[in-house]
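# Survey of secondary and tertiary structure
In case you want the letters, here they are:
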Amino acid sequence: MHSDLPLLSLCIWLPILGGLWVIFAGSRVLDRAVKQDALILALATLALSLLLYRDFNAASATMQFAERYTWIDAFKIYYHIGIDGIALPLVLLTTFTTVIVVIAGWEVIEDRVNQYMGAFLILEGLMVGVFSALDSILFYVFWEAMLIPMFLIIGIWGGPRRVYATIKFFLYTFLGSVFMLVALLYLHAQAGSFALQDMQDVVLTLSEQKWIFIAFLLAFAVKVPMWPVHTWLPDAHVEAPTGGSVVLAAIMLKMGGYGFLRFSLPITPDAAAAFDWLMILLSLIAVVYIGFVALVQQDMKKLIAYSSISHMGFVTLGLFMMFDIHANTGNFQDAAMGVEGAMVQMISHGFISGAMFLCVGVLYDRMHSRMINDYGGVVNVMPRFAAFMMLFAMANAGLPATSGFVGEFLVIVSSFKANFWYAFLAATTLILGAAYTLWMYKRVVFGEIRNSHVAELTDITGRETLVLASLAVAVLALGIWPAPLLDVMHVSVEHLLEQVAQSKTSIAAYE
Amino acid sequence: MNDFALILPEATLLVLACGVLLLDAFIGKRVPAATFWGAVVSCLVVLAQVASPGYMPEAAVFGFAGTLRVDVMGTVLKSFLLVLVVVSFFYAHEYFSKQRQEVQGEYYPLALFATLGMMVLVSANSLLTIYLGLELLSLSLYSLVALQRDSVTASEAAMKYFVLGALASGMLLYGMSMLYGVAGTLDLSELLIKVGNLEEQRLLLTFGLVFLVVGIAFKLGVVPFHMWLPDVYQGAATPVTQFIGTAPKLAAFGMAMRLLVDGLWGLSEHWQQMLIILSILSMGVGNLLAIAQRNFKRMLAYSTIAHMGFLLLGMLSATASGYAASMFYVTLYALMSMGAFGSIILLASARSEADELSDLAGLAKRSPWFAFILLILMFSMAGVPPFGGFWAKWFVLKEVIVADYVWLAGIAVMFSLVGAYYYLRIVKLMYFDEPETPYPVSATTDLKLVLSVNGLVVLVLGIVPSTLMSVCISATIPYLPW
């Protein structure tokens, strides 16, 4: 049954307008009322996005829930939104994570509560906007506008070096984005339209495609982040408040991967094929080298940040292997598994990294330290917490029956079709990931109680249990039965591969 | 329309400005608000005349033996700049009543004469009319800067402005004499035709063009003719800086259009190259030097230099939509600049100008709403959506790319990245730093209202830029290729 409501628009504008309302009306009421309002808004948005899932037709690769209104008449820019099977899981991830973040900030944030809650709600709306925009300029507006609340979240509620971290975060991302804007404007000059569909259809020569691909790469590689433009991420994560880290890791990083899927691959397929060696190389460096870097971290948040970069390497690997698989098997459909693995990895990483940051947040709220050495023997005083963290650490290491396993497994299996050495190097992450995650877990949680501060720790409260338990359910559900997720995206991924298989230069030569 | 109907708004403004001068001399000392309201009403009367339907001709109309032209672009620019002048009067009134200064009365008539100069400038169709308008504008501005005669910095700024301004006027005149020598006419419409036919005199014409471009560059304040700008911005009283930084930029854009496009279109390939160099230098020097500033007004001065470089990008594409982009840019820039200086006026107290960057520290805790307004303005200047400044940059970049200067667009976005840093620093000061005093900013309701509306207009233009874009595009329709 389809409802007549503009569901997707509601998912974007309810949190944005609600967030503004929370900010401006919230300064006069009690913090508790502000939090309740924010939670109601976040839950309402989650409910709306679940309606999207219910009404979504997984058998179709077309853009669903589409809405299209003229925005800027003179340049044929439209407020055009819609989602397919690639965007829907990410929208759901966004609305789910925001609820988690609102609950996680319940007792922790004491300063300017209304602004904190409002910023996250606005951020939510903008992120949903990024995943559903079908007009490139609309996409760009959401993409950039998103930086403003995040900039403020890190800068206002962050740690001691927050100013450095947040300005670095903003400038890095802005650097990539402005070149994307130039590329989009160039594409407009060629295609005569800002619609994503027209940009995907326009014929481009190989050298044009290469330039555009590089411009897109700057924007998306910074967001993913890929080695060597990843250095903003550890800083931003370490300094951000827990909620900010969760949103950064769980959703913002996914925008890079989404950008590759929505822009780079369909708009510049030939350039993507020409540069696939570079992308695979960078991905493998991220997986292996950053894995080693994670191993030596003393700061828990930094360790998880590096682990995120390493895991996102899987995503880009899964996406850009398709050309090698095609060369080996002659069939793009074989590459579908790699792309789907990358998608699952994105969603799963959203849950796991979010959960890991929340676990560190739980400890940090009590001890005000993120250093591994300050902990030890936490299990003796926080048994319930230790159990949850165990699950997430295992998931981060890619243990079967957790969501972390599904994505990594799909990518590694399909990488065998591309090249044995890709598979070999990618598989080292199973060892490295287990090493750095479990070693950290062991040092923090197991052993004798290390000092008096640890001895005074109290186990997680009901609120924290609720947050961690809901994430645990998500991680396990996706790990044991990923079929609903795969079914939703399958047709859209196949459609994408058909687009990529269609060389644009050959049409140019033909015409 | 007869000649006098064409010049009616300018003539009215002249009479009213003289009236305001008398008003100030006889009543102003007893009732300071009288001069202010007189000036506001004068501008609104003239605005009503300019914006009346009869004054918006389909095609350009010429008067006074071809020395004056009334066309859509001129009319639109005049309306915009009158609105900006009225808004800056409101800010100035608040500033002067806060500072309790005695010189306030002279501000309004001088500003009105400057406005008259701007209006003459944008409706000029002869090299002499241009010069007339420019000098009327400039002389009024010099005296406005010197208005605070007790202030050393203001006097220094006025002196510097005057000397360099005189030099620039000389350059402009020299270039004009060169053009007259070759083409034998002062009329821009005739010049347009003659330049196309004077193939063998190209070198001399180009030589004259260089001096014209210098004059324009000085008025806009682009590198390397920007030296006056930081000192004048810092030295002058804040409302004077605000006045100089807003409406005259529109007039300077109008002057550039009249000279380069209406008159010397035939030399476009030459001035395009000159503008490329000027704009790259401006964006580079402006953005880099702005980082090093500690004074907010001086930082905004360098940011102006960078913005004017961006403005030239639209013009140098030499297409109708490129001019529309520049016009949109300069309008948006004036609005943002108005609000930024307005924030300084808001913070100023009887004791302090509050123009140091450190005065902004912790503003979000003192007055969250005005910190938010300044946040809008700063992100808008940095070109971050969803604020008006983004569309200004977007429009210009789009035209640069359509004109096949993709590399130039690349340079421009690199420099806006540099620019983002110092705008972010303002936000950092307001939101991340602790205030020195916990007290909210005190200001009158009028000032709060004007500043809030100003900031929200920039936000609204970011969400629905369509109307203003269409106005700018329709103003440049006559420049579409036939």
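Up top you'll find the structure we're talking about.
Figured I'd write up the structure that's included with this text. Source: prediction; values computed, not measured.

Attention shifts here to the overall build of chain A. On a plain count of helices and strands, chain A comes out with 24 helices and two strands. Taking 24 Å as the expected radius of gyration for a compact globule of 511 residues, we find that chain A reaches 22 Å, a close match to that expectation. By its C-alpha atoms, chain A is 75 × 55 × 45 Å across when sized along the principal axes. Classification of the 511 residues of chain A by burial places 67% in the buried group. Here the analysis covers contacts within chain A between residues at least 6 apart in sequence; of these, 82% occur between residues at least 24 apart. If you sum the accessible surface of chain A, you get close to 16,800 Å²; carbon and sulfur atoms cover 65% of it. Considering chain A, the positive charge centre built from 25 side chains and the negative charge centre built from 35 side chains are found 9 Å apart.

The number of helices and strands found in chain B is 21 helices and two strands. For a compact globule of 482 residues, the expected C-alpha radius of gyration is about 23 Å, and chain B comes in at 21 Å, within 12% of that figure. With respect to the principal axes defined by its C-alpha atoms, chain B has extents near 70 × 55 × 40 Å. Taken over 482 residues, chain B has a buried fraction of 65%. In chain B, the share of contacts with a sequence separation of at least 24, taken over all contacts with a separation of at least 6, comes to 80%. If the 24 positive side-chain charges of chain B are averaged to one point and the 28 negative ones to another, these points end up 7 Å apart.

The next thing to look at is the interface of chain A and chain B. Counting residues at the interface gives 36 residues for chain A and 42 residues for chain B. For the pair chain A and chain B, the two sides together bury roughly 3,300 Å², of which 86% comes from carbon and sulfur. Seen at the junction of chain A and chain B, the total is three residue pairs in polar contact (both at pLDDT 80 or more). Listing elements by their share of the side of chain A that touches chain B, those giving two or more residues are strand E1 (64–72), helix H5 (136–145), helix H6 (147–157) and helix H7 (162–191) of chain A. In terms of residue count, the dominant contributor to the side of chain A that touches chain B is H7(A) (16 residues). Taken together, the residues of the side of chain A that touches chain B sort by class into 28 nonpolar, four polar and four charged.

A few words now on the nonpolar core. Core analysis: the biggest nonpolar cluster contains 409 residues, and A:Phe392, B:Phe89, B:Tyr107, B:Trp391 and B:Trp394 have the highest contact counts within it. Sort the elements by how many residues they give to this core and helix H15 (residues 320–347) of chain B lands first, with 20 residues.

Counting across every chain of the model gives 62 aromatic pairs over all chains. Between the aromatic rings of B:Tyr233 and B:Phe341, the centroid separation amounts to 5.8 Å while the plane-to-plane angle is 65°, which identifies the pairing as edge-to-face. In this pair, B:Tyr233 is assigned in helix H10 (residues 228–235) and B:Phe341 in helix H15, connecting sequence segments 108 residues apart. By relative accessible area, B:Tyr233 is classed as buried at 0%. Following the ring pairs from residue to residue traces out a cluster consisting of A:Trp71, A:Phe75, A:Tyr140, A:Phe194, B:Phe328, B:Phe390, B:Trp391, B:Trp394 and B:Phe395.

Turning our eyes to something else, we now look at the pattern of salt bridges. Side chains that differ in charge, positive against negative, can pair when their charged atoms come close. Using the criterion set out here, one finds 19 salt bridges over all chains in the structure. We note a salt bridge from A:Arg366 to A:Glu464, for which the minimum N-O separation is 2.8 Å. With a gap of 98 residues between them, A:Arg366 in helix H16 (residues 336–367) and A:Glu464 in helix H22 (residues 462–480) connect regions that are remote in the sequence. Classification of A:Glu464 by relative accessible area gives buried; the value is 7%. Between A:Glu464 and A:Arg463 there is a salt bridge, with the nearest N and O atoms lying 3.8 Å from each other. By relative accessible area, A:Arg463 is classed as buried at 14%. One connected set of salt bridges, linked through shared partners, spans B:Arg69, B:Asp71, B:Arg258 and B:Asp262.

This part takes up H16(A). Residue and element names in this part refer to chain A. Relative to the 46 Å expected for 32 residues at 1.5 Å per residue, H16 spans 46 Å between its end C-alpha atoms, a close match to the ideal helical length. Remark: the principal bend of H16, roughly 25°, maps to histidine 349. With respect to burial, H16 is a largely interior element, 28 of its 32 residues being buried. In the stretch just after H16, histidine 368 is the one whose phi turns positive, near 55°.

Turning our eyes to something else, we now look at the side chain of A:His349. Structurally, A:His349 is set in helix H16. Ignoring sequence-local partners within four residues, the contact set of A:His349 consists of A:Ala249, A:Leu253, A:Lys254, A:Ser308, A:His311, A:Met312 and A:Gly354.

All names here are of chain B. Contact geometry of helix H4 (residues 72–99) with helix H21 (residues 466–475) gives a least axis separation of 8 Å together with a crossing angle of 140°. In terms of orientation, H4 and H21 fall into the oblique class. Along the contact surface, H4 presents Val72, Met73, Val76 and Phe80, while H21 presents Leu468, Val471, Ser474 and Ala475. When the residues that make up the contact of H4 with H21 are grouped by side-chain class, the tally is seven nonpolar, one polar and no charged.

As a rule of thumb, non-glycine residues mostly have phi less than zero, and peptide bonds are mostly trans rather than cis. A cis geometry characterises the amide bond from A:Val224 onward to A:Pro225, with omega recorded as -15°. With respect to the helices and strands, A:Pro225 occurs in the loop between helix H9 (206–223) and helix H10 (232–239). Here the bond from B:Pro385 into B:Pro386 is cis, since omega is 5°, no more than 30 degrees from zero. Mapped onto the fold, B:Pro386 is located in the loop between helix H17 (368–382) and helix H18 (388–402). The backbone of A:Phe65 sits at a positive phi, close to 55°, despite the residue not being glycine. Structurally, A:Phe65 is set in strand E1. Classification of A:Phe65 as buried rests on a relative accessible area of 16%. Phi angles above zero are rare outside glycine, and B:Phe64 is one such case at about 50°. Summarising the element assignment, B:Phe64 is placed in the loop between strand E1 (61–63) and strand E2 (68–70).

Procedures and definitions
Residues numbered from 1 in each chain as written. Chains lettered and ligands numbered in written order. Predicted model: local features only at pLDDT ≥ 70, side-chain atom pairs only at ≥ 80, totals over all residues. Heavy atoms only, no water. Helix = DSSP H or I, 4+ residues; strand = E, 2+ residues; numbered from the N terminus. Rg over C-alpha atoms; globule rule 2.2 N^0.38 Å. Buried < 20%, exposed > 50% of the residue type's maximum accessible area, 1.4 Å probe, protein only. Contact = heavy atoms within 4.5 Å. Areas by Shrake-Rupley, 256 points an atom, 1.4 Å probe, with all protein chains shown as cover. Lys, Arg positive; Asp, Glu negative; His and termini not counted. Charge placed at Lys NZ, Arg CZ, Asp CG, Glu CD. Buried area = accessible area lost by both parts, 1.4 Å probe. Polar contact = N/O pair within 3.5 Å; in protein donor to acceptor, adjacent residues only side chain to side chain. Nonpolar A, V, L, I, M, F, W, Y, C, P; charged D, E, K, R; others polar. Core = buried A, V, L, I, M, F, W, Y, C linked by side-chain atoms within 4.5 Å. Phe/Tyr/Trp six-rings, centres within 6.5 Å; stacked < 30°, edge-to-face > 60°. Salt bridge = Lys/Arg side-chain N within 4 Å of Asp/Glu carboxyl O. Expected span 1.5 Å × (residues − 1). Bend = angle between axes of the 7 residues up to and from the residue. Axes fitted to C-alpha atoms, helices over the stretch in contact; angles between N-to-C directions. Parallel < 35°, antiparallel > 145°, perpendicular 65-115°, else oblique.

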